[in-house]
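# Examination of the molecular architecture
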Amino acid sequence: MKILTEFEKQATKTDFSLSYSVKLTLFTFLNSALLPLFSEYIVDETDAGYKILISNMVMKFLVNAFVTPIMWTINFGFFWKKFQIFFIERKIKNEENLSEEEKTFDKNQKELNELYELHPMNVELKYSYIFKTLLMTMFYLPIFPFGVVISLLGLILSYFLEKYNVTHNYKRPEMLNAKLGKFYFNFFICILLSYCLGNYIFMEDIFYK
């Protein structure tokens, strides 16, 4: 999605972030919510009803609500950087008494800056995660109302984990104007449309087939 957005040659960073975030939202919703439904219709296990689909969605809701924000916090890239820094500092300490010709340290200043710099916040991914969660929850509300509870707990968890990440794991986020937030504020109408679409699909199937 990021590569596709780069081809658009957006004029500002905010426009790039908005376009990138919308693509992530739509394609993750397609992958998480719509593809399992398409698979259900392809298999067409009429005797099982929606039991298989619901069992699949339970796992998807749990992974989305808890695994995703926890993985953002664990951030294996952060630990890999710490691992590299440990050996670099150890190497510098061991070579501090050697002459310049004998030293084997070969990192330049740019590489060291990137190594010691914290990870970016990726605001686009955060917006995408929240609204994909809302779209998926409302879409499956007619047959899986407990998904609301799972998603609510996941959003609460992600809120507190992100507060920790902002103060400990992320570098200062890039300055974006209000365009991104205003777009997603107006995007709430799509959440209602997602519920209407899910309600039509599932209620039509249950009562008229």
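Treat the numbers as computed from the prediction; the structure is a model and nothing was measured. (Residues numbered from 1 in each chain as written. Predicted model: local features only at pLDDT ≥ 70, side-chain atom pairs only at ≥ 80, totals over all residues. Heavy atoms only, no water.)

## Here we look at the overall build of the protein
- In terms of helices and strands, the protein carries 9 helices and 0 strands.
- Sequence-distant contacts in the protein: of pairs separated by 6 or more residues, those separated by 24 or more amount to 80%.
- Accessible surface, the protein as shown: approximately 13700 Å² in total, 66% of it carbon and sulfur. (Helix = DSSP H or I, 4+ residues; strand = E, 2+ residues; numbered from the N terminus. Contact = heavy atoms within 4.5 Å. Areas by Shrake-Rupley, 256 points an atom, 1.4 Å probe, with all protein chains shown as cover.)

## Some thoughts on the pattern of salt bridges
- Counted under the stated rule, the structure contains 4 salt bridges.
- We note a salt bridge from K23 to E8, for which the minimum N-O separation is 2.5 Å. Placement of K23 in helix α2 (residues 13-43) and of E8 in the loop between α1 (2-7) and α2 is noted, with a sequence separation of 15 residues between them.
- Under the relative-accessibility criterion, K23 is labelled buried at 16%.
- With relative accessibility at 37%, the residue E8 sits in the partly exposed group. (Salt bridge = Lys/Arg side-chain N within 4 Å of Asp/Glu carboxyl O. Buried < 20%, exposed > 50% of the residue type's maximum accessible area, 1.4 Å probe, protein only.)

## A few points about the nonpolar core
- If you look at the biggest cluster of nonpolar residues, it comprises 28 residues, and the most contacted ones within it are L53, Y140 and F202.
- Mapped onto this core, the elements with two or more residues apiece are α2, α3 (51-74), α6 (123-139), α8 (179-186) and α9 (188-208).
- Counting residues per element, this core draws most heavily on α6, at 6 residues.
- In this view, F202 contacts L37, Y50, L53, F139, Y140, P142 and I143; residues no more than four positions away in its chain are not counted. (Core = buried A, V, L, I, M, F, W, Y, C linked by side-chain atoms within 4.5 Å.)

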